[in-house]
Amino acid sequence: MALYSEKVMEHFRNPQNVGSIEDADGIGEVGNAACGDIMRVYLKIEDDIISDVKFETFGCGSAIASSSMATQMIKGKPLCEAEQLTNQAVAEALDGLPAHKLHCSVLAQEAVRAAVKDYYGKRGQKDGKIQV
Ligand code: FES
(Lines give C-alpha, C1' and ligand atoms only; values in the text may rest on other atoms or scores of the structure.)
Protein backbone atom coordinates (compact mmCIF):
# COMPACT_ATOMS: atom_id res chain seq x y z
CA MET A 1 0.00 0.00 0.00
CA ALA A 2 1.22 3.48 -0.83
CA LEU A 3 2.34 5.52 2.15
CA TYR A 4 0.56 8.64 0.89
CA SER A 5 -2.92 8.95 -0.59
CA GLU A 6 -3.43 10.22 -4.12
CA LYS A 7 -4.91 13.41 -2.63
CA VAL A 8 -1.81 14.08 -0.55
CA MET A 9 0.36 13.62 -3.64
CA GLU A 10 -1.93 15.85 -5.70
CA HIS A 11 -1.75 18.71 -3.17
CA PHE A 12 1.98 18.23 -2.73
CA ARG A 13 2.65 18.35 -6.47
CA ASN A 14 0.17 21.11 -7.21
CA PRO A 15 -0.45 23.04 -3.98
CA GLN A 16 -3.30 25.56 -3.97
CA ASN A 17 -3.14 29.08 -2.48
CA VAL A 18 0.66 29.26 -2.29
CA GLY A 19 2.10 32.70 -1.67
CA SER A 20 1.59 35.70 0.55
CA ILE A 21 -0.92 38.57 0.85
CA GLU A 22 0.77 41.94 1.12
CA ASP A 23 -2.03 43.71 3.02
CA ALA A 24 -3.21 40.66 4.95
CA ASP A 25 -5.72 41.25 7.76
CA GLY A 26 -4.34 38.34 9.77
CA ILE A 27 -1.07 36.41 9.67
CA GLY A 28 -0.34 33.24 11.61
CA GLU A 29 3.09 31.69 11.82
CA VAL A 30 3.78 28.44 13.61
CA GLY A 31 6.59 25.96 13.73
CA ASN A 32 7.34 22.50 14.98
CA ALA A 33 10.48 22.45 17.07
CA ALA A 34 11.01 18.72 16.54
CA CYS A 35 11.11 18.72 12.74
CA GLY A 36 11.94 22.39 12.18
CA ASP A 37 9.09 22.95 9.72
CA ILE A 38 7.50 26.40 9.55
CA MET A 39 4.11 27.44 8.19
CA ARG A 40 2.67 30.91 7.63
CA VAL A 41 -0.97 31.62 6.74
CA TYR A 42 -2.25 34.98 5.42
CA LEU A 43 -5.93 35.96 5.59
CA LYS A 44 -7.91 38.63 3.83
CA ILE A 45 -11.23 39.21 5.63
CA GLU A 46 -14.35 40.92 4.35
CA ASP A 47 -17.46 41.04 6.56
CA ASP A 48 -16.14 38.17 8.68
CA ILE A 49 -15.69 36.03 5.58
CA ILE A 50 -12.29 34.79 4.44
CA SER A 51 -12.19 36.34 1.00
CA ASP A 52 -8.62 35.23 0.33
CA VAL A 53 -6.03 33.01 1.96
CA LYS A 54 -2.46 32.13 1.08
CA PHE A 55 0.28 30.13 2.71
CA GLU A 56 4.03 29.75 2.75
CA THR A 57 5.33 26.49 4.11
CA PHE A 58 8.94 25.61 4.66
CA GLY A 59 8.48 21.97 5.38
CA CYS A 60 7.79 18.43 4.32
CA GLY A 61 5.39 17.22 1.65
CA SER A 62 2.66 16.43 4.17
CA ALA A 63 2.93 19.95 5.60
CA ILE A 64 2.61 21.43 2.11
CA ALA A 65 -0.38 19.18 1.29
CA SER A 66 -1.98 20.01 4.67
CA SER A 67 -1.53 23.77 4.12
CA SER A 68 -2.98 23.51 0.63
CA MET A 69 -6.01 21.53 1.82
CA ALA A 70 -6.57 23.68 4.94
CA THR A 71 -6.55 26.90 2.92
CA GLN A 72 -8.97 25.40 0.40
CA MET A 73 -11.27 24.35 3.23
CA ILE A 74 -11.49 27.85 4.74
CA LYS A 75 -11.52 30.01 1.60
CA GLY A 76 -14.87 31.79 1.27
CA LYS A 77 -15.95 30.56 4.72
CA PRO A 78 -16.86 32.57 7.84
CA LEU A 79 -14.10 33.18 10.37
CA CYS A 80 -15.96 31.12 12.97
CA GLU A 81 -15.65 28.06 10.72
CA ALA A 82 -11.92 28.62 10.24
CA GLU A 83 -11.49 28.78 13.99
CA GLN A 84 -13.13 25.37 14.28
CA LEU A 85 -10.91 23.74 11.63
CA THR A 86 -9.24 20.68 13.10
CA ASN A 87 -6.23 18.73 11.98
CA GLN A 88 -8.42 15.61 11.83
CA ALA A 89 -10.67 17.32 9.29
CA VAL A 90 -7.64 18.31 7.20
CA ALA A 91 -6.16 14.80 7.39
CA GLU A 92 -9.53 13.24 6.49
CA ALA A 93 -9.94 15.58 3.52
CA LEU A 94 -6.53 14.37 2.35
CA ASP A 95 -7.79 10.76 2.64
CA GLY A 96 -5.51 10.25 5.62
CA LEU A 97 -1.91 10.79 6.60
CA PRO A 98 0.54 8.28 8.03
CA ALA A 99 0.50 8.36 11.84
CA HIS A 100 3.97 9.85 12.07
CA LYS A 101 2.86 12.65 9.71
CA LEU A 102 -0.27 13.70 11.57
CA HIS A 103 1.65 16.50 13.26
CA CYS A 104 1.98 18.14 9.82
CA SER A 105 -1.81 18.61 9.73
CA VAL A 106 -1.67 19.94 13.30
CA LEU A 107 0.67 22.64 12.01
CA ALA A 108 -1.97 23.65 9.43
CA GLN A 109 -4.67 23.84 12.10
CA GLU A 110 -2.43 25.93 14.35
CA ALA A 111 -1.38 28.29 11.54
CA VAL A 112 -5.01 28.96 10.55
CA ARG A 113 -6.04 29.57 14.16
CA ALA A 114 -3.02 31.83 14.76
CA ALA A 115 -3.96 33.90 11.70
CA VAL A 116 -7.57 34.26 12.92
CA LYS A 117 -6.29 35.23 16.38
CA ASP A 118 -3.96 37.78 14.83
CA TYR A 119 -6.89 39.26 12.91
CA TYR A 120 -8.99 39.57 16.08
CA GLY A 121 -5.99 41.01 17.92
CA LYS A 122 -5.48 43.68 15.29
CA ARG A 123 -9.17 44.51 15.34
CA GLY A 124 -9.22 44.69 19.15
CA GLN A 125 -11.63 41.79 19.19
CA LYS A 126 -11.58 38.41 20.77
CA ASP A 127 -13.89 35.51 20.05
CA GLY A 128 -15.95 37.73 17.80
CA LYS A 129 -16.70 40.21 20.58
CA ILE A 130 -15.39 43.75 20.84
CA GLN A 131 -13.02 44.11 23.80
CA VAL A 132 -13.65 47.18 25.96
FE1 FES B 1 7.13 18.29 10.50
FE2 FES B 1 5.85 17.50 8.36
S3 FES B 1 7.62 16.58 9.24
S4 FES B 1 5.50 19.29 9.54
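About the cut-offs
Residues numbered from 1 in each chain as written. Predicted model: local features only at pLDDT ≥ 70, side-chain atom pairs only at ≥ 80, totals over all residues. Heavy atoms only, no water. Axes fitted to C-alpha atoms, helices over the stretch in contact; angles between N-to-C directions. Helix = DSSP H or I, 4+ residues; strand = E, 2+ residues; numbered from the N terminus. Parallel < 35°, antiparallel > 145°, perpendicular 65-115°, else oblique. Left-handed = near helix turned anticlockwise from the far one by under 90°. Contact = heavy atoms within 4.5 Å. Nonpolar A, V, L, I, M, F, W, Y, C, P; charged D, E, K, R; others polar. Salt bridge = Lys/Arg side-chain N within 4 Å of Asp/Glu carboxyl O. Phe/Tyr/Trp six-rings, centres within 6.5 Å; stacked < 30°, edge-to-face > 60°. Buried < 20%, exposed > 50% of the residue type's maximum accessible area, 1.4 Å probe, protein only. Pairing = 2+ DSSP bridges.

With respect to the packing of helix 2 (residues 61-74) against helix 5 (residues 102-123)
Reasoning step 1: Contact geometry for helix 2 and helix 5: axes closest at 8 Å, N-to-C directions at 40°. It follows that helix 2 is oblique to helix 5 by the angle criterion. Note on packing geometry: the crossing formed by helix 2 with helix 5 is right-handed. In this structure, helix 2 contributes Ser62, Ala63, Ser66, Ser67, Ala70 and Ile74 to the contact, and helix 5 contributes Cys104, Ser105, Ala108 and Val112.
Reasoning step 2: A class-by-class count of the residues in the contact of helix 2 with helix 5 yields six nonpolar, four polar and no charged.

Observations regarding the pattern of salt bridges
Reasoning step 1: Inspection of every chain in the model, using the stated rule, returns six salt bridges.
Reasoning step 2: A network of salt bridges, in which partner residues are shared, links Asp23, Asp25 and Lys44.

Points about the packing of aromatic side chains
Reasoning step 1: With the rule as written, the count across this model stands at one aromatic pair.
Reasoning step 2: Consider the rings of Tyr119 and Tyr120, whose centres lie 5.7 Å apart with planes at 50°: the pair is tilted. Tyr120 matches Tyr119 in its accessibility class, with the two residues each being buried.

Quick word on the environment of Cys35
Reasoning step 1: With respect to the helices and strands, Cys35 occurs in the loop between strand 1 (26-31) and strand 2 (38-46).
Reasoning step 2: C-alpha separation for the pair Cys35 and Cys104, spaced 69 residues apart in sequence, amounts to 9.6 Å.

Focus: the sheet that holds strand 3 (residues 49-58)
Reasoning step 1: Read from one edge of the open sheet, three strands run 1-2-3, paired in antiparallel fashion. Each edge of the open sheet carries a strand with a single partner, namely strand 1 and strand 3. Here the average twist between neighbouring strands, direction ignored, is 15°.
Reasoning step 2: Summarising the sheet, strand 2 and strand 3 pair through nine bridges and their orientation is antiparallel.

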